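Examining the three-dimensional arrangement
Chain residues, written in single-letter form:
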2 protein chains.
Amino acid sequence: YAAYGAEDQLEKTIAYIQKEYPDIPVILDAKRGDIGATAQMYALEAFERYGADAVTVNPYMGGDTLQAFFEYSDKGVVVLCRTSNSGSAEFQSLESEGKSIAHHVAHSAVAWQAQENSASVMLVVGATYPEELGEIRQIIGDMPLLVPGVGAQGGGLQAVLEQGLTADKTGLMINSSRGIIYASEGDDFAEAAGRAAETLKDEINQIRAQIGA
Amino acid sequence: YAAYGAEDQLEKTIAYIQKEYPDIPVILDAKRGDIGATAQMYALEAFERYGADAVTVNPYMGGDTLQAFFEYSDKGVVVLCRTSNSGSAEFQSLESEGKSIAHHVAHSAVAWQAQENSASVMLVVGATYPEELGEIRQIIGDMPLLVPGVGAQGGGLQAVLEQGLTADKTGLMINSSRGIIYASEGDDFAEAAGRAAETLKDEINQIRAQIGA
């Protein structure tokens, strides 16, 4: 998304997906976070320029800086909570008042979602920290989770499903980026990416069947 | 910077500043924060596409996600610490191990700066929290601070200078955005912006003289 001058390609890619596959939601992984007027422009950029269905945002600056996103009541706002990278504990796992900062973000997300006419609030929790998935699921009820970090980053699917599913066995968006888009660097990149996506879907459904989900 | 499709104008504006006023550093207030490969692209975008001298980054994901920026040893990396917005206490002021999350970020910034061949590490602390300026100054020694929030956001210059200056009376980049660029919406916008910048500079120097800095 950040790629050097790639904004036009991004617009075209999203327009193509929405024309050809209108049922597939587009989540813009922009990790935005900024104050008032700039946050409004970022929300406009995500939801109107790019026409995304949801966008990832960074909670560090506080919920007031995310309000411009929450006001799009028919869109999704996916808040970074416990990220998949190896150093995510540095601040996210600091304990305050008996719970980690990531858990504070999860509690705030529940409050943000409860606002009238709010966008759908969701959280990012990495597949690399499956125990966090279970703990955060306890805090947020049936709020959806976006789960990066399977495949290339090493997170295990079985633990993600066991820990992250809601009581009615849903609520997870499991994201694989590099495992799919870099499946092949040859001319068969499109077919290879398609196969990698199918394989991941089959693995998820196989584990769901095993654990009765 | 986020403005709807304004990347080309931003490139041109920065190129103009660097050609006409090569002594003025350009700080890109992009508030980036993302994992490995994407962080590298964001660093490339800031320092090579836009040719900025420094860029603001968000620490929430952890220092490992900022390494791609720190590796540009002749550039500046300005880390959000205690931001100027009214809701910045929500997570930044949570207390852990006897200090706030913002103070944890300040301690980490000192460690990041100590890495060999690191970029110049700096922190964002809002003028709206002058007592934080003083406390964070104690943690970071003579590390420069980028201070938004004077003017339109209501932060007082005198408190900023009294609390934020280093022992040798330097170390502050006091930023006014809306107070300058929105000084006039008429045809005189350029002159009005110039006058607003001069006025702010004069006010700063007057207070410096008063407090013996």
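Scroll up for the structure.
As a starting point, this report considers the structure included with it. If you're wondering where the values come from, they're calculated on a predicted model, not measured in any experiment.

Conventions and cut-offs
- Residues numbered from 1 in each chain as written.
- Chains lettered and ligands numbered in written order.
- Predicted model: local features only at pLDDT ≥ 70, side-chain atom pairs only at ≥ 80, totals over all residues.
- Heavy atoms only, no water.
- Core = buried A, V, L, I, M, F, W, Y, C linked by side-chain atoms within 4.5 Å.
- Buried < 20%, exposed > 50% of the residue type's maximum accessible area, 1.4 Å probe, protein only.
- Contact = heavy atoms within 4.5 Å.
- Phe/Tyr/Trp six-rings, centres within 6.5 Å; stacked < 30°, edge-to-face > 60°.
- Helix = DSSP H or I, 4+ residues; strand = E, 2+ residues; numbered from the N terminus.
- Pairing = 2+ DSSP bridges.
- Right-handed = clockwise from strand over helix to strand, strands pointing away.
- Axes fitted to C-alpha atoms, helices over the stretch in contact; angles between N-to-C directions.
- Parallel < 35°, antiparallel > 145°, perpendicular 65-115°, else oblique.
- Left-handed = near helix turned anticlockwise from the far one by under 90°.
- Nonpolar A, V, L, I, M, F, W, Y, C, P; charged D, E, K, R; others polar.

Further remarks concern the nonpolar core. A:Leu123 and B:Leu123 are the most contacted members of the largest nonpolar core, which totals 120 residues. B:Leu123 has contacts with B:Val78, B:Val79, B:Cys81, B:Val105, B:Ala106, B:Ala109, B:Ile136, B:Ile140, B:Met143, B:Pro144, B:Leu145 and B:Leu146, leaving out every residue within four places of it along the chain.

Turning our attention to the packing of aromatic side chains. In this structure the tally under the stated criterion is eight aromatic pairs over all chains. A centroid spacing of 6.5 Å and a plane angle of 65° characterise the contact between B:Tyr16 and B:Tyr21, whose relative ring orientation is edge-to-face. B:Tyr21 sits in the partly exposed class, given a relative accessible area of 45%. Aromatic ring contacts, followed pair by pair, group A:Phe70, A:Trp112 and B:Phe91 into a single cluster.

On to the environment of B:Gly62. Position of B:Gly62 among the secondary structure elements: in the loop between strand 2 (54-57) and helix 3 (67-70). On the basis of relative accessibility, which here comes to 0%, the residue B:Gly62 falls in the buried class. When the C-alpha positions of B:Gly62 and B:Ser96 are compared, they lie 16 Å apart, and in sequence the two are 34 residues distant. Setting aside residues no more than four positions away along its own chain, B:Gly62 makes contact with A:Gly87, A:Glu90 and A:Phe91.

Let us look at the pairing of strand 1 (residues 27-32) of chain B. Sheet faces and side chains relate simply in a regular strand, where the side chains alternate between the two faces. Residues and elements named next belong to chain B. The pairing of strand 1 with strand 2 spans three bridges and is parallel. Its bridge partner lying in strand 2, Ile-27 is registered against Ala-54. A crossover links strand 1 with its parallel partner strand 2, the connecting element being helix 2 (residues 36-49), and its sense is right-handed.

Attention now moves to the packing of helix 6 (residues 130-140) of chain B against helix 7 (residues 157-164) of chain B. Two measures define how a pair of helices packs: the angle their axes make with one another and the distance between the axes. Residues and elements named next belong to chain B. At a minimum axis separation of 8 Å, helix 6 and helix 7 run at an interaxial angle of 15°. Relative to helix 7, the element helix 6 is oriented roughly parallel. The handedness of the crossing between helix 6 and helix 7 is right-handed. Where helix 6 abuts helix 7, its residues Pro-130, Glu-131, Leu-133, Gly-134 and Arg-137 lie against Ala-159, Val-160, Gln-163 and Gly-164. Across the contact of helix 6 with helix 7, the residue classes break down as four nonpolar, three polar and two charged.

Residue and element names in this part refer to chain B. Spatial strand order, 1-2-3-6-7-8: six strands in an open sheet with parallel pairing. The open sheet has two edge strands with one neighbour each: strand 1 and strand 8 (172-174). Here the strands of the sheet are splayed against their neighbours by 25° on average, with no regard to which way each runs.

A few words on the packing of helix 5 (residues 101-113) of chain B against helix 6 of chain B. All names here are of chain B. Where helix 5 meets helix 6, the axes come as close as 9 Å, and the angle between the chain directions of the two elements is 30°. Classified by the angle between their axes, helix 5 and helix 6 sit roughly parallel to one another. Crossing angle aside, the handedness with which helix 5 passes helix 6 is right-handed. Seen from helix 5, the contacting residues are His-103, Ala-106, His-107 and Val-110; seen from helix 6, they are Glu-132, Glu-135, Ile-136, Ile-139 and Ile-140. Here the contact of helix 5 with helix 6 is built from residues that sort into five nonpolar, two polar and two charged.

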